[in-house]
Structures are given as C-alpha cells and as structure tokens.
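So you can see what is in the structure, the chains are spelled out below.
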Amino acid sequence: MNIVPIINKVLWDWVLLFLLCGTGICFTIRLRFVQIRRFGAGMKHMFASFSLNGRKAGKDGMNAFQALSTAVAAQVGTGNIAGAATAIVSGGPGAIFWMWVSAFFGMATIYAEAVLAQKTKTIGADGAVTGGPVYYIRKAFSGTLGKVLAVFFSIAIILALGFMGNMVQSNSIGEAFHNAFGLRADLVSIVVAVLAVVVFLGGVKRLAWATEKIVPVMALLYVVGSLVVIFMNVENLPETFRQIFVGAFAPQAVMGGALGVTVQQAMRYGVARGLFSNEAGMGSTPHAHAIAKVEKPEDQGVLAMMGVFIDTFIVVTMTALVIVSTGSLSSGQTGAALTQLAFSTSFGSMGSAFIAICLLFFAFSTILGWYFFGEVNVRALFGPRAVKVYALIVAIFVAAGSLFSVDVVWALSDLFNGLMVIPNLLGLLALSGTVALTCKKSK
C-alpha cells in the first residue's frame, strides 16, 4: 500500500484523466455528437427490446435487452452508491459535475466499444459467440504488438474486475448489512459468494436470465426511493445544484479552503469514480454487447449509450442529490455508510436498511457481470477448461472482500481498472475510422 497510491496518483491524476476524456472528445467530434443525434434511437431500441422474460440465452448469444441488462448490471453497482459518495467526500460536490462531463463524452466512447465488439465478434469451435476488446485490439495492431496488448488487457481485466473489483462489491455489501442489521460483514460476503457461484456455473444462459430480471427492478426501486428523499428536501435543491456547479470550478468556495480540495481533485475523483461506475472506455461492457443478436452493429452502439445514461445521469445523480440536499456531507462518513446516513435523515432507521437492500442487488448484479467479462478473457488466455477454476477463485475473492479495509480495496481496484483502460483506448483510437464509417452509414 506504499506503492499502489503512488501509481494511482500518476495514473488517475494525469494519464487517464486526459486519455479518457480525450478519447471521449475525439469520438464525440468524429462521430458528430452521436450521443445527441442518436439518443432518441437508443431510447427506442431500449424500450422496443425491453422484457423481463426474454429469449433464453444460448451459444448464439443474447438478445439486445439481455446484453444491455448484463452491461448495466456491471455498470450499476457500488460505484453508484458507495463510489459517488467517496467522490463527493474526496473531491467535493463538484466531482459530480465532472462525472457528468466524463459520462457525456463517455457515451461516444462506449458507442465505439459496442460497434467494434459487434464487428470483431467470433464464433468458437463449439458454436459459442464471443467478443470484446481482445479481438478488436488484435485487429487494430497486427503481429506481436497486438498480441502483447491483448494479453495485457486480458490479465488486467481478470484482476481488475473478476478479483479486485468483486472484492469492492462484496466489501460494500458486507459494510451496508453490518450498518443496517448488525450482521457480521464476513458472513454476509460468504453468503453472497455462494449465491454467485450458483449463477456462475449456469453459464451465459443463467446469467442473462438473472440480469434481465434484477436490473430493471433494482434501478426502479432505487430511483423511486431517491426521489422521495429529494422531494422531502426540495427546498434545498437550488443550493445543492449551486454546490455541484460552483464546486466543479471553485471547490474551496463550497468545501472551505481548510479542506484543501482543488479543481484537479474534483476532476480526478469525478472521472475515476465515474469510470468505475459507468465503465465507458474501460473495456468491460463490450464483452456483453459483442454477443447481442442485432441487425447491425450500430444498433448495439446506440443501445450501449443508454447504459451510461442510466448509470450516471440517473442513478449516480440520484445519489448525489440525496447526499448533498440532506446535508449529510458534513457528517464525516464516507462510502456506503454516507449514503445510508443520507437516506436515514428522511426514512429514519429504514433508510439504512433500504440502501443495504439496494446495494445487495446493485453489487450482486455487478459481480455477475464482472465475472462474465473476466470469463471471456480466461477462455481467450487459457481455454474453456480454466473457467471452473476461475469461478472458484472469484468466489474466494468475493468471500474475502469484507476482510480488508475499504481504502485498500478501492485503491487496488483503481490500480487495475486504470491499467486495463490503456490498451483498450489504444485499440479504440486505432480503429476510430472504422467506427466513424459505421456511424456515417447508419443515418
């Protein structure tokens, strides 16, 4: 832990801050603001394919809504509840503004990810459809460079999501249930691990069945609960938005100079937690979008943008408005505990229980999605025989999540998230012409 913070500071304070936003700006301009032009098409595709009991997933992939649900299952997790809270504590309310900015440009990035995932997906010897950054990275860079970058990405995503990232999820569930019900966090993590293994061993079919049911219900439940709290504190909304917008450019005016929060910190935590939340540019969600059965790649591209919109502009915004409008930021709490406190100001003791239950659904669905993303890369590196071993290791990490402090878990997750971003963005930028041509043909 003496080394990890130093690496994270270089990665997140400088390298990824500019690389992520720069890539999003690049695609936004090259695709002529696709996130605005094709937003209506994305909404149309989302509601047209909506189902709580869709076609069963098979070797030939998922339907479009199941793919979106799997992607959103990974996106909407602890980043929306605990991550948003830590961003506000570390970067001030202004961090939320930078979350919005990165998400806006990230919608163009994730469009590119989904389009390329569709264009480079493959059918294995067993007839199973698979795809993701590994495949478009190899297409972007031929020879040894492509192989090295692809292997580096695969190793990073297995560590970042399958192992370290899923520790974040179970850590947050354990903490929330301990705060709400007094249960031992380590025992809660073990139960979550057992439930996760049951789904893991069912393959893509069971994963699609679970996510298409969990995601819509959990998102609606959380948004409704958040709106109730916001309306109970509606008189504080003008001040809440003032703190978000002023805090983005003058944090000291909101947080106080003594706390030492700077614009750079607001941007750093906004972008870092925004990425952890919506995953645009990270290279995770393309694994789900690759196996969607759609008429043309652009269809899944516009649908992928809806995942970022739901995650950041709806769910994360709800969390931010609740925390700031209730005045909970001054409590000294952080992570899921801060969000629980904010809801408790309006719901009483039920607030903590409400967040614990929401976090269980959010984080559990993310564990499922992240397991699947890692599995695709395990197959690519080691073959299908390694999948069961991988499932067991993931379960061990999930069970062990509550044994570590939240700071350690978040720091390790930030590190490996940052490392997997670099080869993914290089691949995206190298194939930006292909994405632009696809977008141009789909008017």
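Residues numbered from 1 in each chain as written. Predicted model: local features only at pLDDT ≥ 70, side-chain atom pairs only at ≥ 80, totals over all residues. Heavy atoms only, no water.

Caption draft 1: Just the overall build of the protein, in detail. Along the protein, the regular secondary structure elements total 20 helices and two strands. Taken against the 2.2 N^0.38 rule, which gives 22 Å for 443 residues, the C-alpha radius of gyration of the protein at 20 Å falls within 12% of a compact globule. Projecting the C-alpha coordinates of the protein onto the three principal axes gives extents of approximately 55 × 45 × 45 Å. The buried share among the 443 residues of the protein stands at 60%. (Helix = DSSP H or I, 4+ residues; strand = E, 2+ residues; numbered from the N terminus. Rg over C-alpha atoms; globule rule 2.2 N^0.38 Å. Buried < 20%, exposed > 50% of the residue type's maximum accessible area, 1.4 Å probe, protein only.)

Caption draft 2: Inspection of the packing of aromatic side chains at higher detail. Under the defined criterion, the tally for this structure stands at 20 aromatic pairs. Ring centres of Phe177 and Phe181 lie 5.3 Å apart, and the angle between their planes is 50 degrees; this geometry places the pair in the tilted category. Linking Phe177 with Phe181, this pair stays in helix α8 (residues 143-181), spanning four residues, or about one helical turn. For Phe177, a relative accessible area of 13% gives the class buried. Among the residues examined, Phe181 registers a relative accessible area of 41% and is labelled partly exposed. Ring pairing ties together the aromatic residues Phe97, Trp98, Trp100, Phe245 and Phe249, which thus form one cluster. Positioned above the aromatic ring of Tyr269, the side-chain terminus of Arg268 is 4.5 Å from the ring centre. (Phe/Tyr/Trp six-rings, centres within 6.5 Å; stacked < 30°, edge-to-face > 60°. Lys NZ or Arg CZ within 6 Å of the ring centre and 35° of its normal.)

Caption draft 3: How the structure looks around the confidence of the model for the protein. Looking at the protein, the pLDDT average stands at 86 and 94% of residues meet or exceed 70. Here helix α4 (residues 64-75) is the element of the protein with the lowest mean pLDDT, 74, and helix α7 (residues 133-140) is the one with the highest, 96. (pLDDT = per-residue confidence, 0-100.)

Caption draft 4: Spatial organisation of the nonpolar core. Tyr111 and Tyr222 are the most contacted members of the largest nonpolar core, which has 139 residues in total. In terms of residue count, helix α17 (residues 349-382) provides more of this core than any other element does, 16 residues in total. (Core = buried A, V, L, I, M, F, W, Y, C linked by side-chain atoms within 4.5 Å.)

Caption draft 5: Highlighting the side chain of Thr285. The residue Thr285 is located in the loop between α13 (263-278) and α14 (286-290) in this model. With relative accessibility at 0%, the residue Thr285 sits in the buried group.

Caption draft 6: Structural context of the packing of helix α6 (residues 94-120) against helix α20 (residues 432-441). Interaxial distance between α6 and α20 falls to 10 Å at its minimum, and their mutual angle equals 90 degrees. Compared by their axis directions, α6 and α20 come out roughly perpendicular. Residues Tyr111, Ala112, Val115, Leu116 and Lys119 of α6 form the contact with α20, whose own contacting residues are Thr434, Val435, Thr438 and Cys439. Split into classes, the residues belonging to the contact of α6 with α20 amount to six nonpolar, two polar and one charged. (Axes fitted to C-alpha atoms, helices over the stretch in contact; angles between N-to-C directions. Parallel < 35°, antiparallel > 145°, perpendicular 65-115°, else oblique. Contact = heavy atoms within 4.5 Å. Nonpolar A, V, L, I, M, F, W, Y, C, P; charged D, E, K, R; others polar.)

Caption draft 7: Just the packing of α8 against helix α16 (residues 335-347), in detail. Relative to each other, α8 and α16 sit at 40 degrees, their axes nearing to 9 Å. Here α8 lies oblique to α16, going by the angle between them. The way α8 lies across α16 gives a crossing that is right-handed. Along its contact with α8, which presents Glu175, Ala176, Asn179 and Ala180, the element α16 presents Ala336, Ala337 and Gln340. Class assignment of the residues belonging to the contact of α8 with α16 gives a composition of four nonpolar, two polar and one charged. (Left-handed = near helix turned anticlockwise from the far one by under 90°.)

Caption draft 8: A look at the environment of Leu159. Within the element layout of this structure, Leu159 appears in helix α8. Here Leu159 falls in the partly exposed class, since its relative accessible area comes to 26%. Separated by 235 residues in sequence, Leu159 and Val394 place their C-alpha atoms 9.7 Å apart. Apart from the residues within four sequence positions on either side, Leu159 is in contact with Met164, Gly165 and Phe416.

Caption draft 9: Region of interest: unusual backbone geometry. Of note, Phe33 is a non-glycine position whose phi angle comes to about 55 degrees, a positive value. Turning to its location among the elements, Phe33 is positioned in the loop between α1 (4-30) and α2 (34-37). For Glu279, which is not a glycine, the phi torsion comes out positive at approximately 65 degrees. For Glu279, the position within the fold is in the loop between α13 and α14.

Caption draft 10: Highlighting the environment of Phe163. For Phe163, the position within the fold is in helix α8. Phe163 gets classed as buried once you look at its relative accessible area, which sits at 11%. Taking the C-alpha atoms as reference points, Phe163 and Val394, 231 residues apart in sequence, are found 5.7 Å from one another. Phe163 has contacts with Ile158, Tyr390, Ile393, Val394 and Phe397, leaving out every residue within four places of it along the chain.

Caption draft 11: Local environment of the side chain of Asn80. Tracing the sequence through the fold places Asn80 in helix α5 (residues 78-91). In this structure the side chain of Asn80 is engaged in a polar contact, spanning 3.0 Å, whose partner is the backbone oxygen of Asp311. Those residues within four positions of Asn80 in sequence are excluded, and the remaining contacts are Gln75, Tyr222, Ser277, Asp311, Val315, Val316, Thr319 and Phe362. (Polar contact = N/O pair within 3.5 Å; in protein donor to acceptor, adjacent residues only side chain to side chain.)

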